[in-house]
Amino acid sequence: MADNLTLLQKADVAIADVSSGGGVLSTEQSKSFMRKLIDQPTMIKAARVVGMNSPTRQINKIGFGSRILKPGVSATALSQSDRSKPTFTKVDLTAKEVKAEVRIPYDVMEDTIERAQAANNEASNTGPGGLRQTILDLIAERAALDLEELALLGDTGSGDAYLALMNGYIKLADTNGNINDAASAPISKTVFKNAKKALPTKYIRDLNAMKHYVSHNQETDYRDTLADRGTAMGDSYIQGYNPVMAYGSPVMPVALMPNAKGLFTNPLNLIFGVWRQISLEFDKSITEGVYIIVLSARIAVEIEEAEAIVETKNLA
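All of the points below concern the structure found in this document. Each chain carries its own residue numbering, running from 1 in the written order of its sequence. Local features are withheld for residues below a pLDDT of 70 in this predicted model, meaning they are given only at 70 or higher, and side-chain atom pairs are given and counted only at 80 or more; totals for whole chains, interfaces and linings count all residues. Side-chain calculation: all heavy atoms of the structure are included, whereas hydrogens and water are not.

### A look at the overall build of the protein
Part 1 of the reasoning: Only DSSP runs of H or I reaching four residues or more are called helices, and only runs of E reaching two or more are called strands; each is numbered from the N terminus. A count of helical and extended segments in the protein gives nine helices and twelve strands.
Part 2 of the reasoning: Throughout this description, buried means an accessible area under 20% of the type-specific maximum (1.4 Å probe, protein chains only), exposed means over 50%, and partly exposed covers the range between. When burial is assessed residue by residue, the protein has 39% of its 316 residues classed as buried.
Part 3 of the reasoning: The contact criterion used throughout is that any non-hydrogen atoms of two residues lie within 4.5 Å. For the protein, the share of sequence-separated contacts (at least 6 apart) that also reach a separation of at least 24 residues comes to 77%.
Part 4 of the reasoning: Here the protein has roughly 17200 Å² of accessible surface; of this, 51% comes from carbon and sulfur atoms. Computed by Shrake-Rupley with a 1.4 Å probe, the accessible areas treat only the displayed protein chains as cover when residues are assessed.

Structural data, given as structure tokens:
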């Protein structure tokens, strides 16, 4: 059996392999890590993910807000008052830094290395694809949930320092979007009908692309109301896994959505920006006997068209 010094030296090598040069991840590592972050949650997975090459980015928009066609007269140009010009707007993304610090005691690392030595017919977890990948996967899995929490529940007026970093989708929709007040009514088809009617008609083009985002509890309750029907379709809402529909759009449960809230929009209207320079650094404290891994990144959250989202509030 290897002595503790040998195990710790091997652990040093394994931990060092987590990072390329001890800082900013390489382009491939960054892309891989971003994919893991994005694939974990519900909303970010479907949102429009924008890679940022700097801490700030401007997304320019162009469009026509009203009718451009006018009656035509042969060989006659339209008058100046009848001519149309597009509207130019922009969305500004400003990335805020988030950071995680993970500490792994020496004895935990020793046990990990030792088990890898003793295991038969298993790949070692000390190589480039072993321990490094395990640590990256675990950090990405937890960080993904935390990032969705910030993207959804962020509020600069919050007493929670983390959530106060930026305004999330709910706060942005509450400030500039359309409001569907459920007035303490329980979840029902009427709530979804009113959410749909609160959205300007010009944004309802592809209902299947629109999503009703609610909490898991609210999705379960709505599924239960549909299951009350004594038909094969009613049974399928209890026994099946397919999403339930409401007026042509899927009802999607979100782990961190408050029970009293809901959002109705095309998920591509939700912007999630990530500055690609994700940093993963390592160190160790010999006095505490721990390895230290620090993850830092900068992210931004915005809604591209505030008029194209409906916030449902005051659900029972």
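### Concerning empty space enclosed by the protein
Part 1 of the reasoning: In the cavity and pocket records, a cavity denotes points on a 1 Å grid over the protein atoms alone where a 1.4 Å probe fits but cannot get out, a pocket denotes an open set with protein on both sides within 12 Å along at least 5 of 7 lines, and lining residues are residues with an atom within 4 Å of a point. Grid points are joined across faces, edges and corners, and a volume is the space filled by probe spheres set on the points. Tallied over the full model, the rule gives one cavity of 30 Å³ or more.
Part 2 of the reasoning: The calculated volume of the largest cavity comes to roughly 60 Å³.
Part 3 of the reasoning: In terms of lining, the largest cavity is formed by Ile187, Val191, Phe192, Ala195, His212, Tyr213, Val214, Gly262, Leu263, Phe264, Thr312 and Leu315.
Part 4 of the reasoning: Of all the secondary structure elements, the ones that give two or more residues to the lining of the largest cavity are helix H7 (189-198), strand E6 (211-215) and strand E9 (262-265).

### Looking at the pattern of salt bridges
Part 1 of the reasoning: One speaks of a salt bridge when a side-chain nitrogen belonging to Lys or Arg is within 4 Å of a carboxyl oxygen belonging to Asp or Glu. Across all of its chains, the model carries eight salt bridges by this definition.
Part 2 of the reasoning: Within this structure, Glu101, Arg103 and Glu288 form a network of salt bridges that share partners.

### What to know about the environment of serine 158
Part 1 of the reasoning: Relative to the assigned elements, serine 158 resides in the loop between helix H5 (131-153) and helix H6 (169-176).
Part 2 of the reasoning: For serine 158, a relative accessible area of 25% gives the class partly exposed.
Part 3 of the reasoning: If sequence neighbours within four positions are ignored, serine 158 has contacts with Leu163 and Ala164.
Part 4 of the reasoning: Here a polar contact is recorded for every N or O atom pair within 3.5 Å, except that within protein the pair must consist of a potential hydrogen donor and a potential acceptor, and residues adjacent in sequence are included only if both atoms are side-chain atoms. Side-chain polar atoms of serine 158 contact the backbone nitrogen of aspartate 160, separated by 3.0 Å.

### With respect to the sheet that holds strand E5 (residues 178-181)
Part 1 of the reasoning: Two strands pair if DSSP finds at least two bridges between them. With mixed pairing, six strands are arranged side by side in an open sheet as E5-E12-E9-E6-E8-E7. On the outer flanks of this sheet lie E5 and strand E7 (244-246), each paired with one strand and no other. On average, each strand axis in the sheet is tilted by 30° relative to the strand beside it, whichever way the strands run.
Part 2 of the reasoning: Fitted lines through C-alpha atoms serve as axes, helices being fitted only where they are in contact, and the angles separating the N-to-C directions of these axes extend from 0 to 180 degrees. With respect to the sheet, H7 is in contact with E5, E6, E7, strand E8 (249-254), E9 and strand E12 (310-313), its orientation differing from that of E5 by roughly 160°.
Part 3 of the reasoning: Sheet strands in contact with helix H8 (residues 216-227) are E6, E7 and E8, and its direction is about 110° off that of E6.

### Digging into unusual backbone geometry
Part 1 of the reasoning: Positioned with a positive phi, tyrosine 247 is a non-glycine residue whose angle comes to about 55°.
Part 2 of the reasoning: Of note in the backbone geometry, asparagine 314 takes a positive phi value of approximately 65° without being a glycine.
Part 3 of the reasoning: The residue asparagine 314 is located in the segment after E12 in this model.
Part 4 of the reasoning: Among the residues examined, asparagine 314 registers a relative accessible area of 37% and is labelled partly exposed.

### Some remarks on the pairing of E12
Part 1 of the reasoning: Pairing geometry for E5 and E12, over four bridges, is parallel. Pairing of asparagine 178 across the sheet is with valine 310, part of E12.

### Examining the packing of aromatic side chains
Part 1 of the reasoning: In this scheme Phe, Tyr and Trp rings, the latter by its six-membered ring, pair at centre separations within 6.5 Å, and the angle between planes marks the pair as stacked below 30 degrees, edge-to-face above 60, and tilted otherwise. Here the structure, examined in full by the defined rule, presents one aromatic pair.
Part 2 of the reasoning: Taking the centre distance of 4.7 Å and the plane angle of 70° together, the rings of phenylalanine 192 and tyrosine 222 count as edge-to-face. With phenylalanine 192 in helix H7 and tyrosine 222 in helix H8, this residue pair connects regions lying 30 residues apart in the sequence. For the pair phenylalanine 192 and tyrosine 222, a shared accessibility class is recorded, and that class is buried.

### Observations regarding H8
Part 1 of the reasoning: Across its twelve residues, H8 extends 16 Å between first and last C-alpha, which sits within 8% of the 16 Å expected from 1.5 Å per residue.
Part 2 of the reasoning: Listed in full, the buried residues belonging to H8 are Gln218, Glu219, Tyr222, Arg223, Leu226 and Ala227. Multiply 1.5 Å by the residue count of a helix minus one, and that product is the helix's expected span.

### Section: the nonpolar core
Nonpolar side chains tend to gather and get buried jointly when the protein is soluble and globular.
Part 1 of the reasoning: Definition used in this section: a nonpolar core is a set of buried Ala, Val, Leu, Ile, Met, Phe, Trp, Tyr and Cys residues joined via side-chain atoms within 4.5 Å. In this structure, Met43, Tyr169, Met257, Leu263 and Phe272 are the most contacted members of the largest nonpolar core, which totals 36 residues.
Part 2 of the reasoning: Among the elements of the structure, helix H3 (43-46), strand E4 (96-105), H5, H6, strand E10 (270-285) and strand E11 (290-303) are those that each provide at least two residues to this core.
Part 3 of the reasoning: Counting residues in each nonpolar core, the second largest holds eleven residues, with Ile187, Leu226, Val244 and Val251 among its members.

### Quick notes on the environment of glycine 262
Part 1 of the reasoning: Mapping glycine 262 onto the fold places it in strand E9.
Part 2 of the reasoning: Residue glycine 262 is classed as buried on the basis of its relative accessible area, which comes to 4%.
Part 3 of the reasoning: In this structure, the C-alpha to C-alpha distance between glycine 262 and methionine 252, residues ten residues apart in sequence, is 9.9 Å.
Part 4 of the reasoning: Ignoring sequence-local partners within four residues, the contact set of glycine 262 consists of Tyr213, Val214, Met257, Val310, Glu311 and Thr312.

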